[in-house]
Amino acid sequence: TQLLEQSPQFLSIQEGENLTVYCNSSSVFSSLQWYRQEPGEGPVLLVTVVTGGEVKKLKRLTFQFGDARKDSSLHITAAQPGDTGLYLCAGEGYGGSQGNLIFGKGTKLSVKP
Amino acid sequence: DTEVTQTPKHLVMGMTNKKSLKCEQHMGHRAMYWYKQKAKKPPELMFVYSYEKLSINESVPSRFSPECPNSSLLNLHLHALQPEDSALYLCASSPRGQSSYNEQFFGPGTRLTVL
């Protein structure tokens, strides 16, 4: 069974601070997606990383896929209150799980003005 | 168009009611999904349709019945639900089998309350 450990589970910071969210697994993923979800809404896809060692930037957000494609991180620079939300990582499995997403438990981020 | 739409946005139903949730996408994706999400938890996969055929049923009770009338539409028929079925129901679509990776696009969800 493929598992994805996401940390931290909760993060409360002040506006302007930097933060990093981690997703780790002992399994290899063919791709990994990061989503942001507001309460009562569906997850919105932020980025997909596919290649080991890949780094993608989306404004103040930097996403990295580990060389072995078993882990990923999301770094936010100078967080703003608009970044508040639930961040989910989801890995696409291999074999019997191919095409299905294995979700981390999420990181609930609160950015205070 | 990268949008997945879901109706209704909110639904309140009694345990003896029959209702349906609807999902639509026009991205040409041939895979569609139903997820259930409880508060502060990640989405849990319920069903996967691939090329309009049910390919995965994650041991979901028979009171949930999915239907895929065509490649753009996905329904979830509900009957005799229990209060513990109250949750946010999410639909997603993806280019599974059409692309080298399978990023999923989610709809806004239906907030279901079972009384």
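Now for a quick tour of the structure.

Rules and cut-offs
- Residues numbered from 1 in each chain as written.
- Chains lettered and ligands numbered in written order.
- Predicted model: local features only at pLDDT ≥ 70, side-chain atom pairs only at ≥ 80, totals over all residues.
- Heavy atoms only, no water.
- Contact = heavy atoms within 4.5 Å.
- Buried area = accessible area lost by both parts, 1.4 Å probe.
- Salt bridge = Lys/Arg side-chain N within 4 Å of Asp/Glu carboxyl O.
- Polar contact = N/O pair within 3.5 Å; in protein donor to acceptor, adjacent residues only side chain to side chain.
- Helix = DSSP H or I, 4+ residues; strand = E, 2+ residues; numbered from the N terminus.
- Buried < 20%, exposed > 50% of the residue type's maximum accessible area, 1.4 Å probe, protein only.
- Disulfide = S-S within 2.5 Å.
- Phe/Tyr/Trp six-rings, centres within 6.5 Å; stacked < 30°, edge-to-face > 60°.
- Core = buried A, V, L, I, M, F, W, Y, C linked by side-chain atoms within 4.5 Å.

Remarks on the interface of chain B and chain A
Step number 1: With 21 residues of chain B at the interface, the matching set in chain A holds 21 residues.
Step number 2: Interface of chain B and chain A: buried area, both sides summed, is about 1,600 Å²; carbon and sulfur atoms make up 56% of it.
Step number 3: The largest per-residue losses of area from chain B upon contact with chain A belong to Pro 42, Tyr 101 and Phe 106 of chain B, which jointly make up 26% of the total buried on that side.
Step number 4: Counting every contact that joins chain B to chain A gives one salt bridge.
Step number 5: As a salt-bridge pair, Lys 9 of chain B and Glu 41 of chain A come within 3.1 Å of each other at their nearest N and O atoms.
Step number 6: On the surface where chain B and chain A come into contact, there are five residue pairs in polar contact (both at pLDDT 80 or more).

Some words on the side chain of Ser 25 of chain A
Residues and elements named next belong to chain A.
Step number 1: Within the secondary structure, Ser 25 sits in the loop between strand 3 (19-24) and strand 4 (31-37).
Step number 2: Classification of Ser 25 by relative accessible area gives buried; the value is 15%.
Step number 3: Within the local environment of Ser 25, its side chain forms a polar contact with the backbone oxygen of Leu 3, the two atoms lying 2.6 Å apart.
Step number 4: The contact partners of Ser 25, leaving out residues within four places of it in the chain, are Leu 3, Leu 4 and Lys 70.

Side note on the state of the cysteines
Step number 1: Counting across every chain of the model gives two disulfides over all chains.
Step number 2: Disulfide pairing places Cys 23 of chain A opposite Cys 89 of chain A at an S-S distance of 1.7 Å. Torsion about the S-S bond of the Cys 23 of chain A and Cys 89 of chain A cystine: about -90°, corresponding to left-handed handedness. Taken together, the residues span a long stretch of sequence, with Cys 23 of chain A in strand 3 and Cys 89 of chain A in strand 9 (residues 85-92) at a distance of 66 residues.
Step number 3: A residue is classified by how much of its surface remains accessible, and Cys 23 of chain A, at 0% relative accessible area, is buried.
Step number 4: In this model, Cys 23 of chain B is linked to Cys 91 of chain B through a disulfide, with the two sulfur atoms separated by 1.9 Å. Here the S-S torsion is close to -70°, and the disulfide linking Cys 23 of chain B with Cys 91 of chain B is therefore left-handed. Placement of Cys 23 of chain B in strand 3 (residues 18-25) and of Cys 91 of chain B in strand 9 (residues 87-94) is noted, with a sequence separation of 68 residues between them. Accessibility classification places Cys 23 of chain B together with Cys 91 of chain B in one group, the buried group.

Details of the packing of aromatic side chains
Step number 1: Following the criterion strictly, the structure yields eight aromatic pairs over all chains and no others.
Step number 2: Summarising the aromatic geometry, the rings of Tyr 35 of chain A and Phe 106 of chain B are spaced 5.3 Å apart at their centres and angled 85° between planes, so their arrangement reads as edge-to-face. Of this pair, Tyr 35 of chain A sits in strand 4 while Phe 106 of chain B sits in strand 10 (residues 105-106), each in a different chain. Summarising the burial analysis for this pair, Tyr 35 of chain A and Phe 106 of chain B share the class buried.
Step number 3: Ring geometry for Tyr 35 of chain B against Phe 106 of chain B: centres 5.2 Å apart, planes inclined by 45°, an arrangement best described as tilted.

Topic: the nonpolar core
Step number 1: Trp 34, Phe 64, Leu 76 and Leu 78 of chain B are the most contacted members of the largest nonpolar core, which has 24 residues in total.
Step number 2: Listing elements by their share of this core, those giving two or more residues are strand 2 (10-13), strand 3, strand 4 (31-37), strand 5 (44-50), strand 7 (64-70), strand 8 (73-79), strand 9 and strand 11 (110-114) of chain B.
Step number 3: Aside from chain neighbours lying at most four places away, what touches Phe 64 of chain B is Met 46, Phe 47, Leu 76, His 77, Leu 78, Leu 81, Asp 85 and Tyr 89 of chain B.
Step number 4: In terms of nonpolar packing, the next biggest core, distinct from the first, is built from 21 residues, Leu 61, Phe 63, Ile 76 and Cys 89 of chain A among them.

Some thoughts on unusual backbone geometry
Glycine aside, the phi torsion of most residues is negative, and most peptide linkages are trans.
Step number 1: Residues Ser 7 of chain A and Pro 8 of chain A are joined by a peptide bond in cis, for which omega reads -10°.
Step number 2: Position of Pro 8 of chain A relative to the elements: it lies in the loop between strand 1 (5-7) and strand 2 (10-14).
Step number 3: Residue Thr 7 of chain B is joined to Pro 8 of chain B through a cis peptide bond whose omega torsion reads -5°.
Step number 4: Relative to the elements of secondary structure, Pro 8 of chain B occurs in the loop between strand 1 (4-7) and strand 2.
Step number 5: Its identity is not glycine, yet Ala 80 of chain B carries a phi of approximately 60°, on the positive side.
Step number 6: Tracing the chain through its elements places Ala 80 of chain B in the loop between strand 8 and strand 9.

Just geometry here; none of it tells us what the structure is for.
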